[in-house]
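One letter stands for each residue in the lines below.
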Amino acid sequence: MKKPKPDPLTYSELRCAAVDLLSRRDHSRLELQRKLRPKAASAEDLDNLLNELAERRWQSDERFAESFVNSRVHRGHGPLRMQHELRSKGVGAAEIHSAMEENEADWYAQAIAVAEKKFGQSPDLSDQKQKARIYRFLAYRGFTGSQISHVLDHWHSVSQND
């Protein structure tokens, strides 16, 4: 037997649910909208609430993007993956650009660190399968072709100096 759908929340209950979500971590407007839509009595209530939260700066796509980028840099993700994930969460291009610029990550050094953590200090680059594996791994992590080439060049120069 199917469970009956719970009654929609009143505006104040919906607001409490939104504040509860925002107290745990920043959310993009689209994330909040997706999570709260099933609970809202009407689309108008939800829109009004989201506008109120943005006006009070309790919800901010700019702050969400900055927090998201910082978090993903520490996880070893590259810029392409972060930008894609932010777009899928409804963050605008201007906010994404601003968050990426503000972070000041050295993507080339980041790519080397991530690759060395996975493959060691100097993997065998004469093996084409290993080279392809490294390339795929870094591409999946969201690094650009030039950043990946930089990693391979770095390892090539390290192996020549040994």
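You'll find the structure just up there.
Residues numbered from 1 in each chain as written. Predicted model: local features only at pLDDT ≥ 70, side-chain atom pairs only at ≥ 80, totals over all residues. Heavy atoms only, no water.

## A short note on the packing of aromatic side chains
Here comes step 1: Using the criterion set out here, one finds two aromatic pairs in the structure.
Here comes step 2: When the ring of Phe64 is compared with that of Phe68, the centres are 5.8 Å apart and the planes differ by 40°; the resulting orientation is tilted. Of this pair, Phe64 and Phe68 both sit in helix H4 (residues 61-74), four residues apart, roughly one helical turn. There is no split in this pair, since Phe64 and Phe68 are both buried.
Here comes step 3: Centroid distance Phe119 to Phe137: 5.6 Å. Interplanar angle 85°. Geometry classified as edge-to-face. Here Phe119, found in helix H7 (residues 107-119), pairs with Phe137, found in helix H8 (residues 128-141); they are 18 residues apart in sequence, far enough to count as distant. For the residue pair Phe119 and Phe137, the accessibility class agrees, reading buried in each case. (Phe/Tyr/Trp six-rings, centres within 6.5 Å; stacked < 30°, edge-to-face > 60°. Helix = DSSP H or I, 4+ residues; strand = E, 2+ residues; numbered from the N terminus. Buried < 20%, exposed > 50% of the residue type's maximum accessible area, 1.4 Å probe, protein only.)

## A look at the environment of Ser122
Here comes step 1: For Ser122, the location among the structural elements is in the loop between H7 and H8.
Here comes step 2: Along the backbone, Ser122 and Val158 are 36 residues apart, and their C-alpha atoms lie at a distance of 7.2 Å.
Here comes step 3: Once you skip the residues sitting within four places of it in the chain, Ser122 turns out to touch Trp155 and Val158. (Contact = heavy atoms within 4.5 Å.)

Note that all results are geometric; they support no functional claim without further evidence.
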